[in-house]
Structure formats: structure tokens, C-alpha cells
Amino acid sequence: MKYLIAAFIFVSTSAFADDSPYCLTKAHLARDMSSQLMQGLDPSKINFAFPNVRNEEQARQAKRFADEIMSEVMELMKTEDDSRKIYEIVKERCNESISDAI
């Protein structure tokens, strides 16, 4: 059974320049997920490891983060068949949302 293990570091989403560490992490995870899914891995078989989680609230946030990425990847895969393109789209969207929040 294949596993995608994502080490996630909680990063604040305060003001960042383009390609924030948060967005790069999110985009890398999206690329890895889409690559595995395109190889035929069942989405329910993708496991995440969040070694920096210290309490229940952080665990909930980590789960929500992973679920949101999976949802975005699944939606993008309806029109995109290249994991590198999905990486770029997720990174761009993320950076735009941070810029809009400033």
C-alpha cells in the first residue's frame, strides 16, 4: 500500500512575499497527492503525518488542511492531468489569497 506522508509545519499566514513557505508547502503536497492519484492510488489510502501537532486543536487544523488540499486537487484533476500544472495552480491561488487578505 502506498502512503503519502506529509510533514507539515504550522506557518502563520500573515504578510508574505510571493511564494510564501505556507503556499509552497501546500503546492508541494498538492503535486504529490495528484501524482499519486494519477498513478491510481485510492484517495482514502493517502495518509498524512503531522509531527509538529501538539494538541487536539492543532490536529483538527491539520486534518482540515489536508482535507482542503485533497478537495482542491480532486477538483483540479477534472481538467488537469499534469501534477506540475496542479502544483502551479495551487501555489498561485494560495499566494493570491494571502495577498488579498493583506
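Residues numbered from 1 in each chain as written. Predicted model: local features only at pLDDT ≥ 70, side-chain atom pairs only at ≥ 80, totals over all residues. Heavy atoms only, no water.

Participant: Would you mind going over the environment of E88 with me for this structure?
Facilitator: Take E88: it is sitting in helix α3 (residues 83-101). With 61 residues separating them along the chain, E88 and A27 place their C-alpha atoms 7.1 Å apart. (Helix = DSSP H or I, 4+ residues; strand = E, 2+ residues; numbered from the N terminus.)

Participant: Which parts of the structure should I look at to understand the packing of helix α2 (residues 56-76) against α3?
Facilitator: If you want to describe how two helices pack, look at the angle between their axes and the distance between the axes. Relative orientation of the contacting elements α2 and α3 amounts to 125°, with a least axis distance of 11 Å. Overall, the two elements α2 and α3 adopt an arrangement that is oblique. In terms of crossing hand, the pair formed by α2 and α3 is right-handed. Here E72, V73 and L76 of α2 lie close against α3, whose contacting residues are I86, I89, V90 and R93. Of the residues belonging to the contact of α2 with α3, the class tally is five nonpolar, no polar and two charged. (Axes fitted to C-alpha atoms, helices over the stretch in contact; angles between N-to-C directions. Parallel < 35°, antiparallel > 145°, perpendicular 65-115°, else oblique. Left-handed = near helix turned anticlockwise from the far one by under 90°. Contact = heavy atoms within 4.5 Å. Nonpolar A, V, L, I, M, F, W, Y, C, P; charged D, E, K, R; others polar.)

Participant: I would appreciate a short explanation of the pattern of salt bridges in the present structure.
Facilitator: Should their charged atoms come close, side chains of opposite charge can pair. On inspection of all chains with the given rule, the structure shows nine salt bridges. A salt bridge links R60 to E57; its shortest N-O distance comes to 2.9 Å. A residue pair is termed a helical-turn pair when its members lie 3 or 4 positions apart in one helix, as R60 and E57 do in helix α2 at three residues. Taking relative accessible area as the criterion, R60 reaches 45% and is therefore assigned partly exposed. Overall, the relative accessible area of 36% leaves E57 in the partly exposed class. Put simply, E72 and R93 hold a salt bridge, and the shortest N to O gap is 3.3 Å. Taken as a pair, E72 in helix α2 and R93 in helix α3 lie far apart in primary sequence, 21 residues in all. Taken together, the shared-partner salt bridges connect D19, E88 and K91 into one network. (Salt bridge = Lys/Arg side-chain N within 4 Å of Asp/Glu carboxyl O. Buried < 20%, exposed > 50% of the residue type's maximum accessible area, 1.4 Å probe, protein only.)

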